Amino acid sequence: MTRVLIVGAGPAGIRAAEVLAGAGLCPTVVDEGARAGGQIYRRPPLGFGRTPEKLYGSEAGKARALHGRFDWLVAQGKVWHLPETSVLALRDGVAHVLGETRRQIPYDRLILATGATDRLAPVPGWQNAGVYSLGAAQIALKAQGVALGRQIVLAGTGPLLTLLAMQLRAAGAGLVAVLDTAPMRDQLRGGLAMAAARPVVALRGVSMRARLGNLYHAGVTLERIEADPDHGVQALHWRNARGQSHRTACDMAALGWHLRAETHLADLAGAEFDWCPSARQWLVRCDDMGRAGKDLYLAGDGQRLLGADGAELAGRLAAIALLRDLGRPAPAAYGLLRRRARMQRFANAMARAFPWPAEAVAALPDDTVICRCEGVTAGTLRATLPASGPEANRAKALSRVGMGRCQGRYCQLAGAEIIAADQGLAVPRAGRLRAQPPARPAPIGAWLSTPPEREAE
Amino acid sequence: MSQPRLVRLAETARSPVRFSLDGEELTGLEGDTVLTAILLSRRALRRAEFGPEARAGFCLMGACQDCWIWQEEGGRLRACSTPLRAGMRLRSDAGDWPGAGA
């Protein structure tokens, strides 16, 4: 039987597994989570008591359906699930994975449903304790029932900014300000196109925003995070749309500018990349079905940033493409493709409504930390450029921006903006950081002490 | 200023789990991650290696590696994605390894 490996058990990975299982293939699903669901539909540990309605609000039905479907597939032996397991490397049709033990999993076809992380723009002071990503604040609330601070400021832009604010308030967290860097002008223009593509979703966003009242500010410029080295964040300094300065006292600041596709494994699997001017990042070259290379398929936010509904469609489409490529009967794709196209129109409009703050990043002061892992500043990166030239991989080798333990996940987009602005180039001319294995830091001991376990073929 | 960083908002009816951090006996709840349990008693997880500041995690999804914590027997953990287990003996730095904590 054809051995299919799926990486990621979020909405895309689950739907891909379901379609393949329905065709009689028994895919292996590797996922870093303890329980399947991904980030948006992340489940708390067993023994927690809140209902899906409490955790996922209007999306509770979708969450229930996905979780129930996947658990059933695993219980029936139609899918082999490896939870709490990271893929470290892909080579010659073998995935090197690390969970409780290290294993090698040979495969014939690979579906990558690796999702996305928050997209981060550095703000002076963001290296301090008490600064988190927006996604982190949502995960803490959903999966642990905790707030990451007592006086919380949310800053950045994108749909998660408003959604998270509502969720924190509903849970009783101390929310003191919601600072959106997107100017109201862009939000109105993009918002109309969002409403044209998905009216219900757009209306829900507008209504949530209205309920935030005067906590919410649009067109904000973030100046710096004031912090004490021992105690962490103390205040956020910002200017409103009219340029007036504010200092908001807080002990937690969560930042995020929509999403960054997680493409590390796709790069290791040999995918090609194109600069996407709309998402303003490098995305994997693939067809609408998710075909990205020989025996390689992508689905979900790691392919195109369409959100959870789009990820379910993309997961089904990738599995259908795989079945067709094997010459097997497959469900029809036409309806799914049409709905996916609508998701793409919505995503493009959203990118216009909630833009990445390119000018602010390019103009960051020299003493701003760009690489949180190793404390490398914008000034160090700029000082490197006369020697390295504008190519991001060379600038990384000399400045170490992108070389730290997160492997550039949180600094490389900002780094490219700084390089491009300094050298007077368009951002894609700075190039793309090449991914290196291991995709996650792994202890040397995993290689010394346990012999890799080769799966039966 | 000495208040712990996190606040429990829900799911408080779980069994207590005892562990230690830097020799101090602490208590979390069954189902807490190591990060949750520590930051309900402390302001931070560890010190940065490349700057003066304390660190308390950042992405909580295993991508940023900001939340590293050590065990007394030497192993390193990602605090955001490691479930707390009774009797864990944790350290906020790597201890007496050459160059560590200097």
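Note that the structure is predicted; figures quoted are calculated from it, not measured.

## Topic: the sheet that holds strand 15 (residues 232-239) of chain A
What links the strands of a sheet is backbone hydrogen bonding, and the strands pair in either a parallel or an antiparallel sense. Residue and element names in this part refer to chain A. Spatially, 14-15-16 is the arrangement adopted by the three strands of the open sheet, whose pairing is antiparallel. Here the strands that pair on one side only, and so sit at the sheet edges, are strand 14 (221-228) and strand 16 (245-249). When strand polarity is set aside, the average angle formed by the axes of neighbouring strands in this sheet is 20°. In terms of strand pairing, strand 15 meets strand 16 through five bridges, oriented antiparallel. Each bridged residue has a counterpart across the sheet, and for Trp238 the counterpart in strand 16 is His246.

## Some points on the environment of A:Arg15
Residues and elements named next belong to chain A. Relative to the helices and strands, Arg15 is located in helix 1 (residues 11-22). We classify Arg15 as buried; it has 26 C-beta atoms within 10 Å. Sequence separation of Arg15 and Glu272 is 257 residues, and the distance between their C-alpha atoms is 24 Å. Those residues in contact with Arg15 that sit more than four places away from it in its chain are Glu312, Gly315 and Arg316.

## Remarks on the nonpolar core
Residue and element names in this part refer to chain A. Membership of the largest hydrophobic core comes to 94 residues, with the highest contact counts inside it found for Ala136, Ala147, Ile152, Leu154, Ala253, Ala254 and Ile370. With seven residues, helix 4 (residues 134-144) is the largest single contributor of residues to this core. Two domains share this core, each providing at least three of its residues, namely domain 2 (120-257) and domain 3 (359-430). When neighbours within four sequence positions are excluded, Leu154 is seen to be in contact with Leu134, Leu161, Leu164, Ala165, Val178 and Ala254. One finds Ala12, Ala17, Ala349 and Phe354 within the second-largest nonpolar core, a separate group that totals 81 residues.

Parameters at a glance
- Residues numbered from 1 in each chain as written.
- Chains lettered and ligands numbered in written order.
- Predicted model: local features only at pLDDT ≥ 70, side-chain atom pairs only at ≥ 80, totals over all residues.
- Pairing = 2+ DSSP bridges.
- Helix = DSSP H or I, 4+ residues; strand = E, 2+ residues; numbered from the N terminus.
- Axes fitted to C-alpha atoms, helices over the stretch in contact; angles between N-to-C directions.
- Buried ≥ 20, exposed ≤ 12 C-beta atoms within 10 Å, placed from the backbone.
- Contact = placed C-beta atoms within 7 Å.
- Core = buried A, V, L, I, M, F, W, Y, C linked by C-beta atoms within 7 Å.
- Domains from an automatic or database assignment.

Functional significance is not addressed by these values, which are geometric in nature.
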